[in-house]
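Summary of the model geometry
Residue strings, one per chain:
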Amino acid sequence: MLVGIGLIAWVCQQIYRGRGKPLRPIPVEIVGLYWSFVDLVWILLFPVLYLIGRV
């Protein structure tokens, strides 16, 4: 998750430095896909680790 936050910060920094100049879409898409993967893994791991173990 920390890697994803770091990548999002990097994309934001690149956009800020460009000051309106369009950023190449490939890094933005890759970071978005990575963050979606992290989100999906968390949605699957949370019930398995925390909810099922308490039953």
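Let me begin by describing the structure that accompanies this report. Computed from a predicted structure; not experimentally measured. (Residues numbered from 1 in each chain as written. Predicted model: local features only at pLDDT ≥ 70, side-chain atom pairs only at ≥ 80, totals over all residues. Heavy atoms only, no water.)

1. Some thoughts on the overall build of the protein
The helix and strand tally for the protein stands at two helices and zero strands. Expressed as a percentage of its 55 residues, the buried residues of the protein come to 9%. (Helix = DSSP H or I, 4+ residues; strand = E, 2+ residues; numbered from the N terminus. Buried < 20%, exposed > 50% of the residue type's maximum accessible area, 1.4 Å probe, protein only.)

2. Examining the packing of helix H1 (residues 2-18) against helix H2 (residues 25-51)
Closest axis-to-axis distance for the H1/H2 pair is 10 Å, and the angle between their directions is 155°. The angle between H1 and H2 places the two elements in the roughly antiparallel class. Remark: the crossing between H1 and H2 carries left-handed chirality. Of the residues in H2, those in contact with Val 3, Gly 4, Ile 5, Leu 7, Ile 8, Trp 10 and Val 11 of H1 are Pro 27, Val 28, Val 31, Tyr 34 and Trp 35. Looking at the contact of H1 with H2, its residues break down into 11 nonpolar, one polar and no charged. (Axes fitted to C-alpha atoms, helices over the stretch in contact; angles between N-to-C directions. Parallel < 35°, antiparallel > 145°, perpendicular 65-115°, else oblique. Left-handed = near helix turned anticlockwise from the far one by under 90°. Contact = heavy atoms within 4.5 Å. Nonpolar A, V, L, I, M, F, W, Y, C, P; charged D, E, K, R; others polar.)

3. Things to note about the packing of aromatic side chains
A full pass over the atoms with the stated rule returns three aromatic pairs. With centroids separated by 5.4 Å and ring planes inclined at 40°, the aromatic side chains of Phe 46 and Tyr 50 adopt a geometry described as tilted. In this pair, Phe 46 and Tyr 50 are both assigned in helix H2, four residues apart and thus about one turn of the helix distant. Judged by relative accessible area, which is 40%, Tyr 50 ranks as partly exposed. An aromatic cluster is built from Trp 42, Phe 46 and Tyr 50, whose rings are joined through pairwise contacts. (Phe/Tyr/Trp six-rings, centres within 6.5 Å; stacked < 30°, edge-to-face > 60°.)

4. Some remarks on the environment of Val 28
Summarising the element assignment, Val 28 is placed in helix H2. Residue class for Val 28 comes out partly exposed when judged on its relative accessible area of 36%.

5. Notes on H2
Think of an α-helix as 3.6 residues a turn; residues three or four steps apart then line up on the same face. Its 27 residues give H2 an end-to-end C-alpha distance of 38 Å, which sits within 8% of 39 Å, the value for a rise of 1.5 Å per residue. Every buried residue of H2 is listed here: Pro 27, Val 31 and Val 38. On its buried face, H2 is in contact with H1. (Expected span 1.5 Å × (residues − 1).)

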